[in-house]
Amino acid sequence: MNRLIITLMLSLSCFVLASLTMDEAIKLGLENNHDVKIAEIMSKNAATEKLKAYEKLLPSISVKYNKGAQNDIESRGYGYEGRQYLFDGGKIYCGIFEAGNNSKIFKNSKDQTINSIKYTIEFLFYEGLLKKRILEYAQTSLEHAQREEEIAKIRFETGAISRTEYLNYSINLSERESDVIKYRNDYDQVHKELGYLIDLNDFVLEDPNISKYDLEIDRCINFSKKEITYRINLLIKAAEKQNQTILNSKLDVKNAKLSRLQAHLDFLPSIYISGGKDWDKNENQSSYERSDYIALNLSMDAFPLLSKGSDLIKSKRNVYIAENKLEKLRRNLSIEISGEFNNLIAIAKCVVSARIEMERAQELLDKSRIQLEENSISATDFLNSSIAFNKAKIKHENCYYDFLMTKSKLHYLVPAFSLKEL
């Protein structure tokens, strides 16, 4: 009786909560995630810095006022000066390009944060669905085990089966009870982790129509080695234009080259036009005397040359470092994409194999049930067929959701990834 109550509680608990689709989970996760909010603010700040960099192209205007004394004669004056740089040792233009690159870096980082959250939610959602399905199978197996144990007990009491056969049913029942407890705990752990990420506690995962992926799976298993290599190369080329880590590394190389250019330009003078008006008078004058001026200026820091030379050498090394980091990322990403795609093909084959195994196990179970009723096989043989069918179902679910989770990983690495387009 207690076992029946536990089973009913586990079964009914899923029906009192609101269902949650993956799209809804992703929407909630992005709305409530602090990393996304921080990334958006940092992206806006970088865009503001980009505008500030352009401001340096405009002329600057300053006002001045002075008051002092010389040879006991007091004087005072005021005026204004405008200055327009024609060439500032490349600082302005390099600064503009660098600010533009930084703006793109922070935007890419924001997109990467969003993609990372989406991937994590998709992974947990699929893992949660897998744990839920396994739990449902375990509950169903428990219900069957309860009925079979009750029937076996009656048959044992009537002498139809031996005590050893009855004990096998009793042991199977205990194992199924342990499975339900274990799988319930596994599901609860994933449920809590996903709930924390989307800031939601009371929900049940809505089952998607996963059969719609059968065509993709069947297509994957028919790829030849040449076709697999071709599609991996397509993904690697796509990642070069879409993967945010690669894009940001390319921008880091550009910034390093800008710093190197700036280090060269630091040896050149700055050229600017200045002009303005001054009004001055001393205590011996009754009114202010005005003076106008305009000048073309050239200035250059003669020292410290050692510091400038050191900055130039350092900037060249930084370009080398940035380029090597980019190549390392490219190589690692290529290896990861190749591994994940080959893994996807292998899992697709596993799904098909598990599907066939499940169908055969179902057929064997149906035959065993008939044979048991005809007393042509032992109760132990039927029990083994039942256990084999449950294992086949769980194996099929594991393979199917592994396929979906691997697809999500490839989509994270290559945001525009689609099996339909490959």
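Residues numbered from 1 in each chain as written. Predicted model: local features only at pLDDT ≥ 70, side-chain atom pairs only at ≥ 80, totals over all residues. Heavy atoms only, no water.

Re the pattern of salt bridges
Using the following cut-off: Any carboxyl oxygen of Asp or Glu within 4 Å of a side-chain nitrogen of Lys or Arg constitutes a salt bridge here. Here the term buried applies to any residue with accessible area under 20% of the maximum for its type, exposed to any over 50%, and partly exposed to those in between, with areas from a 1.4 Å probe on protein chains only. Each helix is a run of H or I in the DSSP string that is no shorter than four residues. Each strand is a run of E no shorter than two, and both are numbered from the N terminus.
Scanning the entire structure with this criterion turns up 26 salt bridges. Of the charged contacts, one joins Arg290 and Asp292 as a salt bridge, the two residues approaching to 3.2 Å between their closest N and O atoms. What makes Arg290 partly exposed here is its relative accessible area of 47%. Measuring nitrogen to oxygen at the nearest pair gives 3.4 Å for the salt bridge that ties Lys367 to Glu363. With Lys367 and Glu363 both in helix 9 (residues 305-373) and four residues apart, the pair spans about one turn of that helix. One connected set of salt bridges, linked through shared partners, spans Glu240, Lys250, Glu327 and Arg330.

So, the sheet that holds strand 6 (residues 289-299)
Condition: Think of it this way: DSSP has to see at least two bridges between two strands before they count as a pair. Here an axis means a line fitted to C-alpha atoms, over the contact stretch when the element is a helix, while the angle between two N-to-C directions is reported on a 0 to 180 degree scale.
Sheet architecture is open: four strands sit in the order 2-3-5-6, paired in antiparallel fashion. Of all the strands in the sheet, just strand 2 (60-70) and strand 6 have a single pairing partner and so form its edges. Adjacent strand axes in the sheet meet at a mean angle of 20 degrees, parallel and antiparallel pairs treated alike. Where strand 5 (residues 270-282) and strand 6 come together, 11 bridges link them in antiparallel fashion. Within strand 6, the position partnered with Ser270 by the bridge is Ser299.

So, the pairing of strand 2
The buried fraction of strand 2 is low, at zero of 11 residues. Counting the residues in the hairpin turn of strand 2 and strand 3 (residues 73-88) gives two residues, including Asn71, whose phi is positive at 55 degrees.

A closer look at helix 5 (residues 163-198)
What counts here: Expected helix span is computed as 1.5 Å times (number of residues minus one).
With 36 residues, helix 5 extends 52 Å from end C-alpha to end C-alpha; this agrees with the ideal 52 Å at 1.5 Å per step. Positive phi shows up at Asp199, right after helix 5, with a value of about 60 degrees.

Quick word on the state of the cysteines
Disulfides are covalent bonds that link the sulfur atoms of two cysteine residues. Convention followed: In this description, the term disulfide denotes a pair of cysteine sulfurs within 2.5 Å.
Applying the stated criterion to the full structure yields one disulfide. Between the sulfur atoms of Cys350 and its disulfide partner Cys399 the distance amounts to 2.2 Å. Of the two residues, Cys350 is situated in helix 9 and Cys399 in helix 10 (residues 379-413); the sequence distance between them amounts to 49 residues. According to the relative accessible area criterion, Cys350 is partly exposed, its value standing at 26%. Classification of Cys399 by relative accessible area gives buried; the value is 6%.

Considering helix 6 (residues 214-221)
The criterion, for reference: The arc in question is traced by the directions running from the helix axis to the C-beta atoms. Contact definition: two residues touch when any of their heavy atoms are within 4.5 Å.
Listing the buried residues of helix 6 in full gives Glu216, Ile217 and Cys220. End-on view of helix 6: buried residues confined to an arc of 100 degrees, all on one side of the axis. Contacts from the buried residues of helix 6 go to helix 9 and helix 10.

Considerations on the packing of aromatic side chains
Put simply, the rule is: Under the pairing criterion, centres of Phe, Tyr and Trp rings, with the six-membered ring standing for Trp, must be within 6.5 Å; the plane angle then separates stacked pairs below 30 degrees from edge-to-face pairs above 60, leaving the rest tilted.
Summed over all chains, the structure comprises nine aromatic pairs. Measuring from ring centre to ring centre gives 6.1 Å for Tyr119 and Phe123, while their planes differ by 50 degrees; the resulting arrangement is tilted. In this pair, Tyr119 and Phe123 are both assigned in helix 4 (residues 91-157), four residues apart and thus about one turn of the helix distant. Since its relative accessible area comes to 31%, Phe123 is described here as partly exposed. Accessibility expressed as a relative area gives 19% for Tyr119, which makes it buried.

Some remarks on the side chain of His191
Relative to the elements of secondary structure, His191 occurs in helix 5. Of the residues examined, His191 reaches a relative accessible area of 15% and is grouped as buried. Leave out the neighbours within four places in its chain, and His191 touches Asn201 and Phe203.

Things to note about the confidence of the model for the protein
Our working rule: Along the chain, pLDDT gives the predictor's confidence residue by residue, from 0 to 100.
The share of residues in the protein with pLDDT of 70 or more is 94%, and the mean pLDDT across the chain is 88. Least confident of the elements in the protein is helix 1 (residues 2-12), whose mean pLDDT is 46; most confident is helix 8 (residues 244-265), at 94. Every residue in residues 1-15 is under pLDDT 50, and counting partners more than four places away or in other chains gives 15 contacts.

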